[in-house]
Amino acid sequence: MEILKTIDLSKTYRKTKALDKVNLTIHQGDIYGFIGKNGAGKTTLIRVIAGIAEPTKGSFVLFDESTPMGIVRARKKMAAVVESPALHLNLSAYENLKLQCILLGIQADHQTVIQNVLKKVDLERLLVERKKKAKNFSLGMRQRLGIAMALISNPKFLVLDEPNNGLDPEGIRDLRQLLLKLNQEEGLTMLISSHMLTELSKLATRYGFIDHGKLLREISAEQLQRESRQATVLTLAASTLNVETLVKQGLNDFELNGTQLKIYGQQPIQPYLNALLKQNLELVHMNKESDDLEAFFMKMIGGK
Amino acid sequence: MKRLFAIEFARLRRQSSAIVIAVIIFALGGLNVLVAWITKVEINPGEYNFFLTSRTILESSFQLGQIQILLIGVVTSLFIATDITQGTIRNKIIAGYSKFEIYLVQMLMSVMITIMGLILFHALPSVFSSLIMFPITVDDGGTFANFMIHMSFGYGLIITGVLLTTWLALKSKTTAGAIIFTLLIFVLGPTLTTLIKTIIEALVLLEIDQFTDLAAFEKAQADINSAFEWVYFYQLQRLANIGSLFNFFVPTRINFFSADTKGYIWKTLGTNLTLITLLLYVGGKNFAKSDLR
């Protein structure tokens, strides 16, 4: 089942095309990693889906609803933390969550619901510090509270824009574990935009790459793995090897960087080893590696 | 919508600036009673001069009206702007409320805050002047209905002004913008409008028979002999100044006691109702199509 499908979705700010005919699909159960540089259009797309901004052209289908009123209804099944957490700064965490319960029309006992959600995001201590106002929270605490507010309604679709902002390494790990748990145990579908690609690669099951408002490609985590360029990395004792020596021997799909020689693809490494032997160069270490998400992304946008 | 109102009232209760301003507004009402009491002169035993009657106390409360209305404007603008600047308005949209619905609730909250502010302001003067110090006499009661009609008329102007500032606050999307628009609407706007209207009227009076009109105006003042007449006359002069932006058909020096003023009232009510409808409906539709921060 498709949770979200955008159809030629476009958003223009004066003369700037923030979104240019974006066609993106998120299926039930996906953890969709949305990747792009600053100003690529990630937040704009999230803002449009969340209803904060209006599209200039195109449309989208959310939980099979495509009419304006239908989408408003469908949003009851989703939750989002867009840019910074939207908190009432002069209220405590408990009061913020209480207001969210009222807003969402949660019937269950609010006290219990709040306790449970604070426990989920590791903010139980705020039940004791009940009068501490959100304006006095650290950035990380605000981020956690924002996520708690999003999770309080048990949404079916969670949209997180840079969720790791302000979190310490432990917080990032905890959040990852929480999101994975929610995805695996409750089938929660997610759209996560993040600059922390290594972290995102530990979570996402599908990726969407966006640049200058255009969706360059959608790819599953498995496909990314398959398409990632494999390389054999040789670490040499000295940096005396030069590129010309290897090129003269008809070798070209490699990268030489000081003492590190990267041999791409499945080509035989024997010719390279022969070249090293001829120059009496000692091999210190050899290992295999493949492109990570960052390298894949950089290639995709043509960056260096 | 019920849930949105619940959220807004909870938010209002916790808005410290609103509480501080509410106390100030209430105290300003009390100040009028105090001023009247201090300046009282007893002509005969139990008979006080002009400065200490129920009408003078209420009248003086309206002299401070502009400050009070400006303060109410500040509370509503801050209340609306905070929701936008803190981004909490986004929670409502993501929770599945339409922007039009959110807009209507914000506008109605502004009206409620205004009414609460007006009640707070008039609480002490009303209680002290009418019930405790100088009970309403039979003569006063004779014009009570007119008094209420004119009160509603005046407050209608204030509500239009508050709705306009709320709409501008929602459009500006910043706290500073909201405050600036409040000052423009309630301070600079009426002053400029009154000035322009006065110049136009003066030119017209020079052409026709200015002295007749002015004499009628003064006579009307001298003829006032009921507390309520006096109150609503002066109140309306004050409120007309504040609301002169929305009071297009009422001359600055109108005699509200003459029979022909009813036409002005209906025209002004019509203007205000049109403006309120436009602000609520067209403003709401426009808000629904706009991007939020």
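Residues numbered from 1 in each chain as written. Chains lettered and ligands numbered in written order. Predicted model: local features only at pLDDT ≥ 70, side-chain atom pairs only at ≥ 80, totals over all residues.

Undergrad: In this structure, what is going on with the overall build of chain A? I would like to understand it.
TA: Of regular secondary structure, chain A possesses 12 helices and 14 strands. The principal-axis extent of the C-alpha atoms belonging to chain A is close to 75 × 45 × 35 Å. Taking all 304 residues of chain A together, the buried fraction comes to 38%. Pairs at least 24 apart in sequence give 70% of the contacts found in chain A among residues at least 6 apart. (Helix = DSSP H or I, 4+ residues; strand = E, 2+ residues; numbered from the N terminus. Buried ≥ 20, exposed ≤ 12 C-beta atoms within 10 Å, placed from the backbone. Contact = placed C-beta atoms within 7 Å.)

Undergrad: Any chance you could explain the domain arrangement of chain A here in plain terms?
TA: One frequent convention defines the size of an interface as the accessible area lost when the parts assemble. All names here are of chain A. When the domains of chain A are assigned, the result is domain 1 (2-225) and domain 2 (228-301). Taken together, the 12 residues of domain 1 in the interface contact eight residues of domain 2. Elements with a contribution of two residues or more to the side of domain 1 that touches domain 2: helix 8 (197-201), strand 9 (206-211), strand 10 (214-220) and helix 9 (221-227). For the side of domain 1 that touches domain 2, the leading source of residues is helix 8, giving four residues. In terms of residue class, the side of domain 1 that touches domain 2 is made up of six nonpolar, three polar and three charged. (Domains from an automatic or database assignment. Nonpolar A, V, L, I, M, F, W, Y, C, P; charged D, E, K, R; others polar.)

Undergrad: Even after reading the chapter, I still don't get the sheet that holds strand 10 of chain A, so can you show me in this structure?
TA: Backbone-to-backbone hydrogen bonds pair the strands of a sheet. The strands run either parallel or antiparallel. Residues and elements named next belong to chain A. Read from one edge of the open sheet, six strands run 6-7-8-4-9-10, paired in mixed fashion. Two strands in the sheet have a free side with no partner beyond their single neighbour: strand 6 (78-81) and strand 10. Each adjacent strand pair in this sheet contributes to an overall mean axis angle of 15 degrees, direction not counted. Both strand 4 (residues 31-36) and strand 8 (residues 189-193) contribute to a ladder of four bridges, which runs parallel. Bridged to Gly33 within strand 8 is Ile192. Strands in contact with helix 1 (residues 42-50) are strand 4, strand 6, strand 7 (157-161), strand 8 and strand 9; relative to strand 7, the strand with the most contacts, it is inclined by about 145 degrees. (Pairing = 2+ DSSP bridges. Axes fitted to C-alpha atoms, helices over the stretch in contact; angles between N-to-C directions.)

Undergrad: Sorry, what's going on with helix 1 of chain A here?
TA: Three or four residues apart is the spacing at which side chains of an α-helix point the same way, because the helix has 3.6 residues per turn. Residue and element names in this part refer to chain A. In terms of residue burial, helix 1 counts as a mostly covered element, since nine of its nine residues are buried. By the burial criterion, the buried members of helix 1 are Lys42, Thr43, Thr44, Leu45, Ile46, Arg47, Val48, Ile49 and Ala50. Of the residues trailing helix 1, Gly51 is marked for its positive phi of about 90 degrees.

Undergrad: How should I be thinking about the interface of chain A and chain B in this particular structure?
TA: Contact residues are listed per partner, giving 26 residues for chain A and 21 residues for chain B. Sorting the residues of the side of chain A that touches chain B by element identifies helix 2 (68-74), strand 6 and helix 3 (93-104) of chain A as the ones contributing at least two each. Take the side of chain A that touches chain B: its biggest share by element is five residues, from helix 3 of chain A.

Undergrad: Please explain the pairing of strand 4 of chain A as it appears in this structure.
TA: Regular strands have side chains that alternate between both faces of the sheet. Residues and elements named next belong to chain A. Of all six residues in strand 4, six are buried, a share of seventy percent or more. The alternating pattern of strand 4 places Ile31, Gly33 and Ile35 and Tyr32, Phe34 and Gly36 on opposite faces, both of which are buried. Bridge count between strand 4 and strand 9: five bridges; the pairing is parallel. Bridge pairing in strand 9 links Gly36 to Ile210.

Undergrad: Got a minute to help me understand unusual backbone geometry in this structure?
TA: Glycine aside, the phi torsion of most residues is negative, and most peptide linkages are trans. Residues and elements named next belong to chain A. Phi at Arg14 is positive, roughly 50 degrees, even though this residue is not glycine. The backbone of Asn280 sits at a positive phi, close to 55 degrees, despite the residue not being glycine. Examined against the element boundaries, Asn280 turns out to sit in the loop between helix 11 (270-278) and strand 14 (283-290).

Undergrad: Would you explain the packing of helix 3 of chain A against helix 4 (residues 110-120) of chain A in this entry?
TA: All names here are of chain A. The contact between helix 3 and helix 4 brings their axes to 10 Å, and the two run at 120 degrees. For the element pair helix 3 / helix 4, the angle class is oblique. At the point where helix 3 passes helix 4, the crossing takes the right-handed sense. Contacts between helix 3 and helix 4 involve Tyr94, Leu97, Lys98 and Cys101 from the first element and His110, Val113, Ile114 and Val117 from the second. For the contact of helix 3 with helix 4, the class distribution of residues is six nonpolar, one polar and one charged. (Parallel < 35°, antiparallel > 145°, perpendicular 65-115°, else oblique. Left-handed = near helix turned anticlockwise from the far one by under 90°.)

Undergrad: Can you help me understand the environment of Met298(A) in this one?
TA: Relative to the helices and strands, Met298(A) resides in helix 12 (residues 293-301). Through-space distance from the C-alpha of Met298(A) to that of Asp64(A) is 34 Å; in sequence the pair is 234 residues apart.

Undergrad: When you look at the confidence of the model for chain B in this model, what are you seeing that I'm missing?
TA: Interpretation of this model should avoid reading the predicted coordinates in detail wherever pLDDT is low. Residue and element names in this part refer to chain B. Of all residues in chain B, 56% have pLDDT values of 70 or greater, and the mean over the chain is 71. Put simply, helix 7 (residues 138-141) is where chain B has its lowest mean pLDDT, 40, and helix 5 (residues 88-94) is where it has its highest, 90. Note that residues 255-259 has pLDDT below 50 and, in this model, 11 contacts with residues that lie over four places away or in other chains. (pLDDT = per-residue confidence, 0-100.)

Undergrad: Looking at this model, I keep getting lost on the sheet that holds strand 12 (residues 254-257) of chain A. Mind explaining?
TA: All names here are of chain A. The four strands lie next to each other as 12-13-11-14, forming an open sheet whose pairing is antiparallel. Either end of the sheet is taken by a strand with one partner, and the two such strands are strand 12 and strand 14. Each strand axis lies, on average, 15 degrees off the axis of its neighbour in the sheet, ignoring direction.

Undergrad: How should I be thinking about the environment of His88(A) in this particular structure?
TA: With respect to the helices and strands, the residue His88(A) is situated in the loop between strand 6 and helix 3. Note on His88(A): 24 C-beta atoms within 10 Å, which makes it buried. Linking His88(A) and Lys135(A), residues 47 residues apart in sequence, is a C-alpha distance of 8.2 Å. Excluding residues within four positions of it along the chain, His88(A) makes contact with Asn96(A), Leu99(A), Ala134(A), Arg11(B), Gln86(B) and Thr88(B).

Undergrad: Help me understand the nonpolar core in this model?
TA: Most often, soluble globular proteins keep nonpolar side chains buried together rather than apart. One finds Ala80(A), Ala148(A), Val159(A) and Ile192(A) to be the most contacted residues of the largest nonpolar core, which totals 118 residues. Looking at this core, the element that brings in the most residues is helix 8 (residues 144-172) of chain B, giving 10 residues. Viewed by domain, this core spans two of them, domain 1 (2-225) and domain 2 (228-301) of chain A, each represented by three or more residues. In contact with Val159(A), other than residues within four places in its own chain, are Ile46(A), Ile49(A), Ala50(A), Met78(A), Ala80(A) and Leu191(A). With five residues, the next largest nonpolar core counts Leu261(A), Ile263(A), Tyr272(A) and Leu276(A) among its residues. (Core = buried A, V, L, I, M, F, W, Y, C linked by C-beta atoms within 7 Å.)

Undergrad: Help me understand the pairing of strand 10 of chain A, please; the structure alone is not making it clear to me.
TA: Residues and elements named next belong to chain A. Relative to strand 10, strand 9 is paired through six bridges, and the arrangement is antiparallel. By the bridge assignment, Arg206 is partnered in strand 10 with Ser220. Two successive antiparallel strands, strand 9 and strand 10, enclose a turn made up of two residues, where His212 displays a positive phi of approximately 50 degrees.

Undergrad: Just to check I follow, could you spell out helix 1 (residues 2-13) of chain B for this structure?
TA: All names here are of chain B. Across its 12 residues, helix 1 extends 17 Å between first and last C-alpha, which sits within 8% of the 16 Å expected from 1.5 Å per residue. If you check which residues of helix 1 are buried, you get Leu4, Ile7, Glu8 and Arg11. Taken around the axis of helix 1, the buried residues stretch over an arc of 95 degrees, which confines them to a single face. Structural note: helix 1 exposes Lys2, Phe9 and Arg13 on the side pointing more than 90 degrees away from its buried face. (Expected span 1.5 Å × (residues − 1). Arc of directions from axis to C-beta.)

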